[in-house]
Amino acid sequence: MANYDSAPHADVPIPYKIIEETNSHLIDEPTKEHDTLIASLPLQPSLERTITFAGHTRLYKDVWMRENIIRGILVMQQCLKTRPTDIFLASFPKSGTTWLKAMIFATLTRTNRSIDQHPLHTHNPHQCVMFMDVGFATGRSQIIENIPSPRVMSTHLPYFLLPDSITESNCRIVYVWRDPKDVLVSMWYFVQKILGGADKIATFDQYYKNFYEGLNSYGPIWNHVLGYWEESKRRPEKILFLKYENILQEPVKCAKQLAHFLGCPYSEAEENQGVVEQIVELCSIKTLKNLDVNKDGNHATSTAPNVHISHAYYFRKGETGDWKSHMTQEMAERFDTMIEEKFKGSGLHI
Ligand code: A3P
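Note that the structure is predicted; figures quoted are calculated from it, not measured.

Notes on the overall build of the chain
When you go through the chain residue by residue, the secondary structure sums to 19 helices and nine strands. The C-alpha extent of the chain, read off along each of the three principal axes, is 55 × 45 × 40 Å. A burial count over the chain gives 60% of its 350 residues as buried. Counting every atom, the chain has about 15300 Å² of accessible surface; 51% of that belongs to carbon and sulfur. In the chain, the 37 positive side-chain charges and the 41 negative ones have mean positions that sit 2 Å from each other.

Below is the structure:
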């Protein structure tokens, strides 16, 4: 049985927060090595800069991204040594990252403690699975190297910006995507909460325009989704392509699919004991949202200096179709038509 409180040699993931706390001496000063290159990249015009949050946004390889994330990519390319056992969760922001972090973590750790004692009761999913885009930008390369296998890490990078170490390795990638219209709404609320009110950010219509034109952080959502989709068709055994709406509709089926993909399928005994349903319940927004750690807790984010993100911000409605309360029919149709056009011939539909 793994000891989640220390466990340097655990054979299941332990919450990243614990690893970081016990290895804090390995945190380096963020490197300045790439500052000159970053400073030379095109800066997003001021209108759009108000729409994203936290610092300057610059154009790197045709994708608008915050400076710290660009730094993360450059350091990752130099330092990440991917292991075949690594598991990466990739997603466009606001597409179900928190949920999938919980699901992957709970799936891999399910045999080691009873559900009542599971670390997700005391750790937000983002404290269990580290966000490597920022981790590498903020001097955590050595800690990442010291995470025991199997490592689970997350990224919002488009597939083509992943370091060679990942794309050339045989590791697993779980990708989750979601109706872009709901992503947009979710993002608008999330940024409002972080910045402390609707008056601090662009209007929803400006946000829509920005998103429609693909000027948002991490680039156009259609390219993001298509990049992973195409790769998952080439390597389905290594890239699991999931849709938020499908997980909501059939959570048990998706939980089994995830466990199978991760190489730890549910046994017949587990299925008979209702373990799949317990994992689904543990990771549901209803359960997570009501835990003290997610009601009252927060963690620092290096994407925005001096900003602490309250864990509660990650859990809003967790439904599909909230865009209907924010977009006119015309706005929605225009968006869908554009996305369908981008997806044309790929076999993918909203
Ligand atoms: P809404 O704002 O539409 O409610 P991310 O985790 O990528 O930041 O995405 C956040 C979105 O996922 C939010 O959507 C949030 O409410 C939803 N979410 C968070 N945890 C969830 C869970 N356990 N189940 C379903 N949805 C969840």
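Overview of the pattern of salt bridges
On inspection of all chains with the given rule, the structure shows 17 salt bridges. Here Glu231 and Arg235 are joined by a salt bridge, their closest N and O atoms 2.9 Å apart. Under the relative-accessibility criterion, Arg235 is labelled buried at 16%. The salt bridge partner of Lys253 is Glu250, with a shortest N-O separation of 3.6 Å. The structure contains a network of salt bridges with shared partners spanning Asp179, Lys181 and Asp336.

A word on the site of the ligand
Of all residues adjacent to the ligand, which total 18 residues, the nearest are Lys94, Thr97, Thr98, Ser186 and Lys317. The separation between an oxygen atom of the ligand and a polar side-chain atom of Thr97 is 2.6 Å. Taking Tyr244, its side chain carries an N or O atom lying 2.7 Å from a nitrogen atom of the ligand. Contact with the protein chains removes 97% of the 560 Å² of surface that the ligand exposes when unbound. At the level of secondary structure, the elements contributing two or more residues to the shell around the ligand comprise helix H5 (97-109) and helix H17 (285-289).

Notes on the side chain of Ser169
Relative to the helices and strands, Ser169 is located in the loop between helix H9 (164-167) and strand E6 (172-177). For Ser169, a relative accessible area of 15% gives the class buried. Separated by 3.1 Å, the side chain of Ser169 and the backbone oxygen of Ile166 make a polar contact. A polar contact is formed between the side chain of Ser169 and the backbone nitrogen of Cys171, at a distance of 3.1 Å. Apart from residues lying up to four places away in sequence, Ser169 is in contact with Thr82, Asp164 and Arg235.

As for the sheet that holds E6
Sheet architecture is open: five strands sit in the order E4-E5-E3-E6-E7, paired in parallel fashion. At either margin of the open sheet sits one strand with a lone partner, and together these are strand E4 (130-131) and strand E7 (239-243). Sheet topology note: the E6/E7 ladder contains five bridges and is parallel. Bridge assignment links Trp177 to a residue of E7, and that residue is Lys243. Contacts from H5 reach strand E3 (87-91), E4, strand E5 (152-155), E6 and E7, with the element oriented near 160° to E3. Strand contacts of helix H14 (residues 251-261): E6 and E7, with the helix running at about 165° to E7, the strand carrying the most contacts.

What to know about the packing of H5 against H14
Remark: H5 packs on H14, axes separated minimally by 10 Å, with the N-to-C direction vectors making an angle of 60°. When the axes of H5 and H14 are compared, the pair comes out oblique. In this structure, H5 crosses over H14, and the sense of that crossing is right-handed. On H14, the residues that touch Leu100, Met103, Ile104 and Thr107 of H5 are Ala255, Leu258 and Ala259.

Digging into the packing of aromatic side chains
Across all of its chains, the model carries 15 aromatic pairs by this definition. Considering the side-chain rings of Trp188 and Tyr189, the 5.4 Å spacing of their centres and the 70° angle between planes classify their relative orientation as edge-to-face. On the basis of relative accessible area, Trp188 is assigned to the buried category, the value being 13%. Consider the rings of Tyr212 and Phe335, whose centres lie 6.0 Å apart with planes at 75°: the pair is edge-to-face. Here Phe335 lies in helix H19 (residues 329-343) and Tyr212 lies in helix H11 (residues 204-212), a separation of 123 residues in the sequence. Clustering of aromatic rings is evident, with ring pairs tying together Tyr159, Tyr175, Trp177, Tyr228, Trp229, Phe241 and Phe343.

Quick word on the pairing of strand E2 (residues 63-66)
Neither face of E2 is exposed, since Val63 and Met65 on one face and Trp64 and Arg66 on the opposite face are all buried. The pairing of strand E1 (residues 57-60) with E2 spans four bridges and is classified as antiparallel. Paired with Leu59 across the bridge in E2 is Trp64.

Rules and cut-offs
- Residues numbered from 1 in each chain as written.
- Predicted model: local features only at pLDDT ≥ 70, side-chain atom pairs only at ≥ 80, totals over all residues.
- Heavy atoms only, no water.
- Helix = DSSP H or I, 4+ residues; strand = E, 2+ residues; numbered from the N terminus.
- Buried < 20%, exposed > 50% of the residue type's maximum accessible area, 1.4 Å probe, protein only.
- Areas by Shrake-Rupley, 256 points an atom, 1.4 Å probe, with all protein chains shown as cover.
- Lys, Arg positive; Asp, Glu negative; His and termini not counted.
- Charge placed at Lys NZ, Arg CZ, Asp CG, Glu CD.
- Salt bridge = Lys/Arg side-chain N within 4 Å of Asp/Glu carboxyl O.
- Near = heavy atom within 4 Å.
- Polar contact = N/O pair within 3.5 Å; in protein donor to acceptor, adjacent residues only side chain to side chain.
- Contact = heavy atoms within 4.5 Å.
- Pairing = 2+ DSSP bridges.
- Axes fitted to C-alpha atoms, helices over the stretch in contact; angles between N-to-C directions.
- Parallel < 35°, antiparallel > 145°, perpendicular 65-115°, else oblique.
- Left-handed = near helix turned anticlockwise from the far one by under 90°.
- Phe/Tyr/Trp six-rings, centres within 6.5 Å; stacked < 30°, edge-to-face > 60°.

Any link to function would need more than the numbers given here.
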